[in-house]
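Residues per chain, in single letters:
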Amino acid sequence: MFGGFAPAIVRFTDDVLFGQVWKRPELPPKERSLVTVASLTTSGNTEQLVYHLALAKRNGATEEELIEAITHLAFYAGWPKAMSALAVAKQVFHGNQD
């Protein structure tokens, strides 16, 4: 996505973040995904949630677990952030269905 525009950030993302940090054995991928989704939700970074919700599912988190985590965060991070995150989750999990 940014390879030709910002190659250094792509290299750091691939080599350091996903190549080293995400592979550390102290925390399994599913738990890393839950932590990441929580962090993105609490900081209001919903653009990044699209990728990380799908990754969380690939890492073994269920839709129900992810929805529950975001619901739980509403009481700690704020209702608007949780509602925004749930809107992204609905789009990721179910497309444009109402």
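The following paragraphs examine the structure supplied in this document. (Residues numbered from 1 in each chain as written. Predicted model: local features only at pLDDT ≥ 70, side-chain atom pairs only at ≥ 80, totals over all residues. Heavy atoms only, no water.)

1. With respect to the environment of Phe-2
Within the secondary structure, Phe-2 sits in the segment before helix H1 (7–21). What makes Phe-2 partly exposed here is its relative accessible area of 39%. A sequence separation of 16 residues divides Phe-2 from Phe-18, and the C-alpha atoms of the two residues are 16 Å apart. (Helix = DSSP H or I, 4+ residues; strand = E, 2+ residues; numbered from the N terminus. Buried < 20%, exposed > 50% of the residue type's maximum accessible area, 1.4 Å probe, protein only.)

2. Focus: the packing of helix H2 (residues 29–43) against helix H3 (residues 46–58)
The description of two helices packed together rests on the angle between their axes and the distance between the axes. The contact between H2 and H3 brings their axes to 9 Å, and the two run at 160°. In terms of their interaxial angle, H2 and H3 are classed as roughly antiparallel. In this structure, H2 crosses over H3, and the sense of that crossing is left-handed. Across the interface between the two elements, Ser-33, Thr-36, Val-37, Leu-40 and Thr-41 from H2 touch Gln-48, Leu-49, His-52, Leu-53, Leu-55 and Ala-56 from H3. Grouping the amino acids of the contact of H2 with H3 by side-chain chemistry returns 6 nonpolar, 5 polar and no charged. (Axes fitted to C-alpha atoms, helices over the stretch in contact; angles between N-to-C directions. Parallel < 35°, antiparallel > 145°, perpendicular 65-115°, else oblique. Left-handed = near helix turned anticlockwise from the far one by under 90°. Contact = heavy atoms within 4.5 Å. Nonpolar A, V, L, I, M, F, W, Y, C, P; charged D, E, K, R; others polar.)

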